[in-house]
Amino acid sequence: MSLSGCSQHELDDEYKKADKNDSDMLTTLPKEKGWITEHLYQYQSFWFTPEAIKGIKRVQECFKAQPTDAILVTFPKSGTTWFKALIFSLMNRDRFDFSSHPLLTKGPHDCIPFLEAIIRNETSYQDYRISCSPCCLFATHIPYSLLPASVMSSGCKIVYVFREPKDVLVSNWLFMTKVRLKELPSFSIKDAFDLFCKGMSHYGPYWDQVLGYWKASMENPDKVLLLTYEDMKKDPILCLSKLAKFLDKPFCLEEEREGVVQEIVRLCSFENLSSLAVKQNGVQHLSPQFTVANRDFLRKGQVGDWKNHLTPEMAEQLDEITRQKLGGTSLIGTLFGDTIPYSAKA
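Keep in mind that what you see is a predicted model, and the values were worked out from it rather than measured.

A. Spotlight on the pattern of salt bridges. Following the criterion strictly, the structure yields 11 salt bridges and no others. Note that Glu 255 is salt-bridged to Arg 93, the shortest N-O span being 2.7 Å. In this pair, Glu 255 is assigned in helix H13 (residues 253–258) and Arg 93 in the loop between helix H3 (80–91) and helix H4 (108–111), connecting sequence segments 162 residues apart. Of the charged contacts, one joins Glu 263 and Arg 266 as a salt bridge, the two residues approaching to 3.3 Å between their closest N and O atoms. Within this pair, Glu 263 and its partner Arg 266 are both found in helix H14 (residues 260–267), separated by 3 residues, close to a single helical turn. The class of Glu 263 is partly exposed, set by a relative accessible area of 29%. For Arg 266, a relative accessible area of 39% translates into the label partly exposed.

Spelled out as structure tokens, the structure:
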């Protein structure tokens, strides 16, 4: 299926046929207990909701990346909302004044759309491409191996943000319990922990997704940049400068003298974004089933909040899995730094 040359009516007909095929396909896929829906399904080695599988297939079939595109990729609840705000502000700093910036009235998810969502509507997709030309910014949670070939062949830039897995687990659980279908039974942190450790979480296994983008960054460091949530929290000025250089929009000396980098950090801070009216009152329609309040996308933004929710035994087990899965890569040192995994302590 291709977007090119199709009317929205024709696309809707194609989507209806595809939806029927997707429903039939689900009956053949391995399934497990879902976090927000009844089940997660294993598709091309990763775990997704039925709606996510539909979105990924549309992207694979329809999206044609352009050399000037930039794509933010994250595992769910790894700083997606925050990094959308940072990248949008960075890339559009010559278009908007900080006193009347779009982020003051629109949420980050309205400024950088999820690729899986916008690709479904031909008109919205084309309008967006026109409005943000020449550089279109997209976001996605899609694992590297499932991206359409045009993403790498086009030479567009990928920014992959990853986060310490214990915080990822807790943040996912807290978020998904808020949007979980009401007719489903309760979903405890123990349920989430057991599934996460087995790799059965949205867009998981977590470690497989991280490894996919790590390997891509090793092979194409000028096209795939890895950043950590923790580094951005620790030194946002340094990380933003690195990000700007990678996206071919480095800060000039005049901008540095005028404090532009600091202004972006201030505008996109958790405290500022959380206080805005759009964050308090707005919503996002993620799918026909799910509408999420904007305030639920930004919780604490703290590093190490997992200590308030996981037992020491849970933390030790998760660290051991991370050591096994990511052992032999630079990711171990990047993730843990001076904090040695429990299993590696003397």
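Now that the structure has been shown, we can carry on.
B. Structural context of the nonpolar core. With 110 residues, the main nonpolar core has Trp 35 and Phe 63 as its most contacted residues. Excluding residues that lie within four positions of it along the chain, Phe 63 makes contacts with Arg 58, Asp 69, Ile 71, Leu 115, Ile 119, Tyr 125, Arg 129, Phe 138, Pro 148, Ser 150 and Val 151.

C. Highlighting helix H2 (residues 50–62). Between its first and last C-alpha atoms H2 spans 18 Å; for 13 residues at 1.5 Å apiece the expected length is 18 Å, and the two agree. Regarding H2, the residues found buried are Ala 52, Ile 53, Lys 54, Gly 55, Ile 56, Lys 57, Arg 58, Val 59 and Cys 62.

D. Expanded view of the sheet that holds strand S7 (residues 224–228). A sheet is described by the order of its strands in space; here 4 strands give the open sequence S5-S4-S6-S7, paired in parallel fashion. Each of the sheet's edge strands pairs with one partner strand only, and the pair in question is strand S5 (137–140) and S7. For this sheet, the mean angle separating the axes of adjacent strands, direction not counted, is 20 degrees. The pairing of strand S4 (residues 70–74) with S5 spans 4 bridges and is classified as parallel. From the neighbouring strand, Leu 72 faces S5, where its bridge partner is Ala 139. Here H3 sits on the sheet in contact with S4, S5, strand S6 (157–162) and S7, set at roughly 160 degrees to S4.

E. View of unusual backbone geometry. Here the amide bond leading from Gly 204 into Pro 205 is cis, since omega sits at 15 degrees, within 30 degrees of zero. Looking at where Pro 205 falls in the secondary structure, it is placed in the loop between helix H9 (189–197) and helix H10 (206–219). One non-glycine residue, Lys 77, adopts positive backbone phi at about 65 degrees. Tracing the chain through its elements places Lys 77 in the loop between S4 and H3. Here Tyr 203, not a glycine, exhibits a phi torsion of approximately 65 degrees, which is positive.

F. Expanded view of H3. Helix length check: H3, at 12 residues, gives a terminal C-alpha distance of 16 Å against a target of 16 Å (1.5 Å per residue), a fit within 8%. With 12 of 12 residues buried, H3 is to be regarded as a mostly interior element. Those residues of H3 not exposed but buried are Thr 80, Thr 81, Trp 82, Phe 83, Lys 84, Ala 85, Leu 86, Ile 87, Phe 88, Ser 89, Leu 90 and Met 91.

G. Broad picture of the sheet that holds strand S1 (residues 31–33). If you walk across this open sheet you meet the 3 strands as S1-S2-S3, and the pairing is antiparallel. On the outer flanks of this sheet lie S1 and strand S3 (46–48), each paired with one strand and no other. Along the sheet, successive strands turn relative to each other by an average axial angle of 35 degrees, direction set aside. Where S1 lies against strand S2 (residues 39–43), 3 bridges are found, and the strand directions are antiparallel.

H. View of the side chain of Glu 164. Position of Glu 164 relative to the elements: it lies in the loop between S6 and helix H8 (165–179). Classification of Glu 164 as buried rests on a relative accessible area of 7%. One polar contact links Glu 164 to Lys 166, side chain to side chain, over a distance of 2.5 Å.

Conventions used here
Residues numbered from 1 in each chain as written. Predicted model: local features only at pLDDT ≥ 70, side-chain atom pairs only at ≥ 80, totals over all residues. Heavy atoms only, no water. Salt bridge = Lys/Arg side-chain N within 4 Å of Asp/Glu carboxyl O. Helix = DSSP H or I, 4+ residues; strand = E, 2+ residues; numbered from the N terminus. Buried < 20%, exposed > 50% of the residue type's maximum accessible area, 1.4 Å probe, protein only. Core = buried A, V, L, I, M, F, W, Y, C linked by side-chain atoms within 4.5 Å. Contact = heavy atoms within 4.5 Å. Expected span 1.5 Å × (residues − 1). Pairing = 2+ DSSP bridges. Axes fitted to C-alpha atoms, helices over the stretch in contact; angles between N-to-C directions. Polar contact = N/O pair within 3.5 Å; in protein donor to acceptor, adjacent residues only side chain to side chain.

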